[in-house]
Amino acid sequence: MYIYIDTGNIDEIKKAAATGLINGVTTNPTLIAKEGKDFPTVIKSIVKILKDAGIRDDFTVSAEVNSTTAPEMIKEGLGYAKWDKHVIVKLPMTTEGLVAAQEFARRGIRTNVTLCFSPNQALLAAKANAFIISPFVGRIDDTGGDGMALIKEIKQIYANYGYKTKVLVASVRSPSHVREAALAGADIATIPYKVFEQLIGHPLTDKGLAQFAKDYADYKTKITGVKPTK
Ligand code: G3P
């Protein structure tokens, strides 16, 4: 499963890219606004960071349109696509967004259809030749629904018809969401940096490492007769 970082924060992206474990970045207007920086500059900087870190060349950076009609979205997205081949156009799950998605597909430009909350929306995004569909699992769970059940249903529908659209699990809130996404066979999970850090750490790993360090120091003291200085 590919892991994307869901942030517009440059420091977080640098740290995540340095691990070599990520495959892309997603942003949205809320995340961009939080950083208070110029949008094109942020997207271009993200692409550069991923390239400089040697991330595999199939990485994508999603940049979301802010217009509401298909012609406006197409104009906006064509501008984004010129910035770099790794920039893909994020479109809303609306009729206009799906019309725009088809036009981008005809032009060979990849799209990410966002704010998906139902299997039928995902079916239509696949029919519109979206490159990625982004179901928001956390927001579904927040309202008492079952976000991961939606992922499983979308995977089933796409398998039934051989749709190539990638299922990206968005609105991830915890390591459990990542685990469940992987078990459900999601293509991508986009996760906040904090959750990415939580994937790596485990209290038993820390405990085990401390024990190994102590045992090795004791052993060295025993065979050399010299106590470590610190
Ligand atoms: O970027 C889309 C999505 O991941 C946002 O998540 O936490 O605002 O529901 P959240």
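In this report, we go over the structure that sits alongside the text. (Residues numbered from 1 in each chain as written. Predicted model: local features only at pLDDT ≥ 70, side-chain atom pairs only at ≥ 80, totals over all residues. Heavy atoms only, no water.)

Moving on, we come to the overall build of the chain. Helix and strand content of the chain: eleven helices and eight strands. By principal-axis analysis of the C-alpha atoms, the chain measures approximately 80 × 35 × 30 Å. Classification of the 230 residues of the chain by burial places 44% in the buried group. Across the chain, the mean location of the 30 positive side-chain charges is 5 Å away from that of the 24 negative side-chain charges. (Helix = DSSP H or I, 4+ residues; strand = E, 2+ residues; numbered from the N terminus. Buried < 20%, exposed > 50% of the residue type's maximum accessible area, 1.4 Å probe, protein only. Lys, Arg positive; Asp, Glu negative; His and termini not counted. Charge placed at Lys NZ, Arg CZ, Asp CG, Glu CD.)

In an α-helix there are 3.6 residues to a turn, and that puts residues three or four apart on one side. Where helix H10 (residues 193-200) is concerned, the buried positions are Tyr193, Val195 and Phe196. Along the long axis of H10, the arc covered by the buried residues comes to 160°, so they all point the same way. The inward-facing, buried residues of H10 abut strand E1 (2-6), helix H1 (10-18), helix H9 (175-183) and strand E8 (188-191). (Arc of directions from axis to C-beta. Contact = heavy atoms within 4.5 Å.)

The next subject is a nonpolar patch on the surface. A surface patch of nonpolar side chains, about 270 Å² in accessible area, is lined by Leu21, Leu199 and Ile200. The class for leucine 21 is exposed, based on a relative accessible area of 51%. (Patch = residues over 30% accessible without salt bridge, like charges linked within 9 Å, V, L, I, M, F, W, Y side chains within 5 Å. Areas by Shrake-Rupley, 256 points an atom, 1.4 Å probe, with all protein chains shown as cover. Salt bridge = Lys/Arg side-chain N within 4 Å of Asp/Glu carboxyl O.)

In this section: the packing of H1 against helix H3 (residues 39-52). Relative orientation of the contacting elements H1 and H3 amounts to 15°, with a least axis distance of 10 Å. The angle between H1 and H3 places the two elements in the roughly parallel class. Handedness of the H1/H3 crossing: right-handed. Only Val42, Ser45, Ile46, Ile49 and Leu50 of H3 make contact with H1, whose side of the interface consists of Ile10, Ile13, Lys14 and Ala17. Of the residues contributing to the contact of H1 with H3, the split by class is seven nonpolar, one polar and one charged. (Axes fitted to C-alpha atoms, helices over the stretch in contact; angles between N-to-C directions. Parallel < 35°, antiparallel > 145°, perpendicular 65-115°, else oblique. Left-handed = near helix turned anticlockwise from the far one by under 90°. Nonpolar A, V, L, I, M, F, W, Y, C, P; charged D, E, K, R; others polar.)

Here tryptophan 83 shows up in helix H4 (residues 70-83). Using a relative accessible area of 25% as the deciding quantity, one classes tryptophan 83 as partly exposed. Taking the C-alpha atoms as reference points, tryptophan 83 and valine 169, separated by 86 residues in sequence, lie 26 Å from one another. Ignoring sequence-local partners within four residues, the contact set of tryptophan 83 consists of Phe39, Pro40, Ile43 and Lys44.

Before going further, it helps to examine the site of the ligand. In the region of the ligand, the neighbouring residues are Asp6, Asn28, Lys90, Phe136, Arg139, Ala170, Ser171 and Arg173. In the environment of the ligand, an oxygen atom lies 2.7 Å from a nitrogen or oxygen atom belonging to the side chain of serine 171. Burial of the ligand by the protein amounts to 82% of the accessible area it has alone, namely 310 Å². Classifying every residue of the shell around the ligand gives two nonpolar, two polar and four charged. (Near = heavy atom within 4 Å. Polar contact = N/O pair within 3.5 Å; in protein donor to acceptor, adjacent residues only side chain to side chain.)

Purely spatial values, then, with no claim about function.
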